[in-house]
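A look at the structure
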Amino acid sequence: MIKIFGDKIDDQIFPKEIKRFTQEEKDLITNFVNSLLREDKKSELDKIEITPLYDRLDCCTETMDIIFRLKSVNEFRLIFTKYYRSGLKEKDYITHPDFMRDGREYGTENDYSEFKNELKKEKIITGIYVECISRIKSSKFLIGEMHEKSNFVIRTRYEDVERGGSNLTEKCKYRIKTFHFDKIFKIIEKENLKN
């Protein structure tokens, strides 16, 4: 698909709710961060900042940057970056293996064929890159560093996406809560216990 206008104008003329974080995704992330903070009475949220991104070649459209302290000592920075790419074809499955794996280290042959069929039908990929930095240890990456081998991707899928649906599928929502957030929680908890 050829773009005539830049992202800002395109968003005004042809808005796509799933191009940026949906309210449902923001709520899931906020609830997750609150669950981290509830683990310790000395925890504190320092900042949540949502920044739209425009006309990026990497197809990232928005960031949600969260800085918080655990045990009032350990400072963490969680960065969620929304990814949206449309106009895909079945053959594009080969260039997006991190979305196919959806937070796992490896994919199976079945995963590849299922992913190909999904792209053929939906023609878009959406997801969320996750980075977590421990700021007390001179900004050590605990999770991800975007576009490197250590990508941590949450793939997002929506009900009736072909017709403009913007609610996460129940399967996707369940996976985010029980697999992705659980994995992030354990990594942060392990780092926090070191002190």
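Scroll up to find the structure this text is about.
Let me sum up the structure you'll find in this document. (Residues numbered from 1 in each chain as written. Predicted model: local features only at pLDDT ≥ 70, side-chain atom pairs only at ≥ 80, totals over all residues. Heavy atoms only, no water.)

Re the overall build of the protein chain
Counted only if it meets this: A run of DSSP states H or I qualifies as a helix once it reaches four residues; a run of E qualifies as a strand once it reaches two. Both are numbered from the N-terminal end. Contact criterion: two residues are considered in contact whenever any of their non-hydrogen atoms come within 4.5 Å of each other. The accessible surface values rely on the Shrake-Rupley method and a 1.4 Å probe; as for residues, cover is taken only from the protein chains in view.
Along its length, the protein chain carries five helices and six strands. Taken from the N to the C terminus, the helices and strands of the protein chain come in the order α-α-β-β-β-α-α-β-β-β-α. Of the contacts formed within the protein chain by residues at least 6 apart in sequence, a portion of 63% connects residues at least 24 apart. Summed over its atoms, the accessible surface of the protein chain is roughly 11200 Å², and 50% of this surface lies on carbon and sulfur atoms.

Thoughts on the pattern of salt bridges
Keep this limit in mind: A pairing counts as a salt bridge when a side-chain nitrogen of Lys or Arg comes within 4 Å of a carboxyl oxygen of Asp or Glu. Buried residues are those whose accessible area, probed at 1.4 Å on protein chains only, stays under 20% of the maximum for their type, while exposed residues exceed 50% and partly exposed ones sit between those limits.
Per the stated rule, a full pass over the model turns up 14 salt bridges. Notably, a salt bridge pairs Lys-47 with Glu-49, separated by 3.5 Å at the nearest N-O pair. With a relative accessible area of 33%, Lys-47 lands in the partly exposed category. Among the ionic contacts, a cluster of salt bridges with common partners joins Glu-118, Glu-122, Arg-155 and Arg-157.

A short note on the packing of helix H2 (residues 23–37) against helix H5 (residues 170–193)
Rules: Angles shown run from 0 to 180 degrees and are taken between the N-to-C directions of axes, each axis being a line fitted to C-alpha atoms and, for helices, limited to the stretch in contact. Crossing handedness is defined as follows: a turn of the near helix away from the far one that is anticlockwise and smaller than a right angle gives a left-handed crossing, while the clockwise case is right-handed. Polar here means any residue other than Ala, Val, Leu, Ile, Met, Phe, Trp, Tyr, Cys and Pro, which are nonpolar, and Asp, Glu, Lys and Arg, which are charged; Gly is therefore polar.
Across the interface, H2 lies against H5 with an axial gap of 11 Å and an inter-helix angle of 35 degrees. Here H2 runs over H5; the crossing is right-handed. Contacts from Glu-24, Leu-28, Ile-29, Phe-32, Ser-35 and Leu-36 in H2 reach Lys-173, Ile-176, Lys-177, Phe-181, Ile-184, Phe-185 and Ile-188 in H5. Its residues assigned to classes, the contact of H2 with H5 comprises nine nonpolar, one polar and three charged.

Some words on the environment of Thr-169
Under the convention used in this document: For the purposes of these results, a polar contact is taken to be a pair of N or O atoms within 3.5 Å, where, inside protein, one atom must be able to donate a hydrogen and its partner to accept one; residues adjacent in sequence count only when each atom of the pair is a side-chain atom.
One can find Thr-169 in the loop between strand E6 (153–156) and H5. Separated by 11 residues in the primary sequence, Thr-169 and Tyr-158 have C-alpha atoms spaced 5.1 Å apart. Look past the residues within four positions of Thr-169 in its chain and what remains in contact with it is Arg-157, Tyr-158 and Glu-159. Looking at Thr-169, its side chain comes within polar contact range of the main-chain nitrogen of Cys-172, at 3.1 Å.

Remarks on the nonpolar core
Heads up, the condition is: Nonpolar cores were defined as sets of buried Ala, Val, Leu, Ile, Met, Phe, Trp, Tyr and Cys residues, with membership established by side-chain atoms within 4.5 Å.
Of all hydrophobic cores here, the largest spans 33 residues; its most connected members are Phe-68, Leu-78, Phe-80, Val-130, Phe-181, Ile-184 and Ile-188. Excluding anything up to four places from it in sequence, Val-130 contacts Leu-78, Ile-79, Phe-80, Ile-143, Gly-144, Phe-152, Ile-154 and Ile-184. In terms of nonpolar packing, the next biggest core, distinct from the first, is built from 12 residues, Cys-60, Ile-125, Tyr-129 and Val-153 among them.

Observations regarding H5
Let me state the cut-off plainly: Here the expected length of a helix is defined as 1.5 Å per residue gap, with one fewer gap than residues. Note on bend: the value at a residue is the angle between axes fitted to the seven residues ending there and to the seven starting there.
Its 24 residues place the ends of H5 33 Å apart at the C-alpha level, agreeing with the 34 Å of an ideal helix rising 1.5 Å per residue. Of all the bends in H5, the greatest measures close to 35 degrees and is centred on Ile-176. Of the surrounding elements, those touching the buried residues of H5 are H2, strand E2 (60–70), strand E3 (74–86), strand E4 (124–134), strand E5 (140–143) and E6.

Remarks on the environment of Lys-91
Tracing the sequence through the fold places Lys-91 in the loop between E3 and helix H3 (97–101). Taking C-alpha positions, Lys-91 is 8.4 Å from Lys-120, a pair spaced 29 residues apart along the chain.

Some details on the packing of aromatic side chains
Here is the rule: Paired rings are identified among Phe, Tyr and Trp, the last through its six-membered ring, by centres lying within 6.5 Å, and are further divided according to the angle between planes into stacked (under 30 degrees), edge-to-face (over 60) and tilted (the rest). Criterion for a charge above a ring: Arg CZ or Lys NZ at most 6 Å from the ring centre, at most 35 degrees from the ring normal.
Scanning all chains against the criterion turns up five aromatic pairs. Centroid distance Tyr-83 to Phe-99: 4.6 Å. Interplanar angle 35 degrees. Geometry classified as tilted. Residue Tyr-83 is found in strand E3, and its partner Phe-99 is found in helix H3; the two are separated by 16 residues along the sequence. Here Tyr-83 and Phe-99 have matching classes, each one buried. Geometrically, the ring pair formed by Tyr-83 and Tyr-129 is edge-to-face, given 6.0 Å between the ring centres and 85 degrees between the ring planes. Residue Tyr-83 is located in strand E3, and its partner Tyr-129 is located in strand E4; the two are separated by 46 residues in the primary sequence. Taking the relative accessible area as the measure of exposure, Tyr-83 reaches 5% and is therefore buried. Three or more aromatic residues link up through ring pairs in this structure, and these residues are Tyr-83, Phe-99 and Tyr-129. Lying over the aromatic face of Phe-179, Arg-175 brings its terminal NZ or CZ to 4.2 Å of the ring centre.

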